[in-house]
Amino acid sequence: QVQLVESGGGLVQAGGSLRLSCAASGSIFSINAMGWYRQAPGKQRELVAAITSGGSTNYADSVKGRFTISRDNAKNTVYLQMNSLKPEDTAVYYCAADADGDYWGQGTQVTVSS
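Residues numbered from 1 in each chain as written. Predicted model: local features only at pLDDT ≥ 70, side-chain atom pairs only at ≥ 80, totals over all residues. Heavy atoms only, no water.

S.K.: Can you break down the overall build of the protein chain residue by residue, with the values?
M.R.: Each helix and strand counted, the protein chain has zero helices and eleven strands in total. Listing each helix as α and each strand as β along the protein chain from the N terminus yields β-β-β-β-β-β-β-β-β-β-β. On C-alpha atoms alone, the protein chain measures out to a radius of gyration of 13 Å, which is about the 13 Å that the 2.2 N^0.38 rule sets for 114 residues. Dimensions along the principal axes, computed over C-alpha positions, put the protein chain at roughly 40 × 25 × 20 Å. Residue burial in the protein chain is summarised as follows: out of 114 residues, 41% are buried. For the protein chain, restricting intrachain contacts to residue pairs at least 6 apart in sequence, the fraction spanning at least 24 positions comes to 52%. Total accessible area on the protein chain is roughly 5,900 Å²; 47% of this is exposed by carbon and sulfur atoms. Charge separation in the protein chain, taken as the distance between the mean sites of 9 positive and 9 negative side-chain charges, equals 7 Å. (Helix = DSSP H or I, 4+ residues; strand = E, 2+ residues; numbered from the N terminus. Rg over C-alpha atoms; globule rule 2.2 N^0.38 Å. Buried < 20%, exposed > 50% of the residue type's maximum accessible area, 1.4 Å probe, protein only. Contact = heavy atoms within 4.5 Å. Areas by Shrake-Rupley, 256 points an atom, 1.4 Å probe, with all protein chains shown as cover. Lys, Arg positive; Asp, Glu negative; His and termini not counted. Charge placed at Lys NZ, Arg CZ, Asp CG, Glu CD.)

What follows is the structure, encoded as structure tokens:
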């Protein structure tokens, strides 16, 4: 079992920045990859960014050049640095872990005002 706790969401003006954090606990040795997803009202959940245990990253085209995913192995934490935020980035952001099964955090709201 893996537990994920997100933090760092909030309200920001367009062009601003936020950093999301996701702290993992439990069977962290079994984690193969972690990622951030988001779901806007009336839309499907979509992958925003992911990072593997080897450090490889991938991003949705809509956030490339603006968002950066990173991790601190000592803290068992993954971060999503979001810069140049746009109103269309408004969504609930979820942390996820691929660890012999899929695990999800509770979600954190990000609201970008125009």
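S.K.: I'd like to hear about the nonpolar core, residue by residue, with values.
M.R.: Nonpolar side chains in soluble globular proteins tend to end up buried together. Core analysis: the biggest nonpolar cluster contains 30 residues, and L4, M34, W36, L80, M82 and Y93 have the highest contact counts within it. Within the residue set of this core, elements represented by two or more residues are β1 (2-7), β3 (18-26), β4 (33-39), β5 (46-52), β7 (67-72), β8 (77-82), β9 (91-98) and β11 (108-113). Dropping the residues within four chain positions of it, L4 is found in contact with C22, A23, A24, M34, C95, A96, A97, Y103, W104, G105 and Q106. (Core = buried A, V, L, I, M, F, W, Y, C linked by side-chain atoms within 4.5 Å.)

S.K.: Please provide a residue-by-residue account of the state of the cysteines, values included.
M.R.: Evaluation of the coordinates by the stated rule reveals one disulfide. Put simply, C22 and C95 are joined by a disulfide, and their sulfur atoms are 2.0 Å apart. The chirality of the disulfide connecting C22 with C95 is left-handed, given an S-S dihedral of about -80°. With C22 in strand β3 and C95 in strand β9, the pair connects residues that are 73 residues apart, well separated along the chain. For the pair C22 and C95, a shared accessibility class is recorded, and that class is buried. (Disulfide = S-S within 2.5 Å.)

S.K.: Now, about the sheet that holds β1: what can you tell me, with residues and values included?
M.R.: The sheet built from four strands is open, its strands ordered β1-β3-β8-β7 with antiparallel pairing. Looking at which strands have only one partner, the edges of the open sheet turn out to be β1 and β7. Taking each pair of neighbouring strands and ignoring which way they run, the sheet shows an average axis angle of 20°. Direction of pairing for β1 relative to β3: antiparallel, over a ladder of six bridges. (Pairing = 2+ DSSP bridges. Axes fitted to C-alpha atoms, helices over the stretch in contact; angles between N-to-C directions.)

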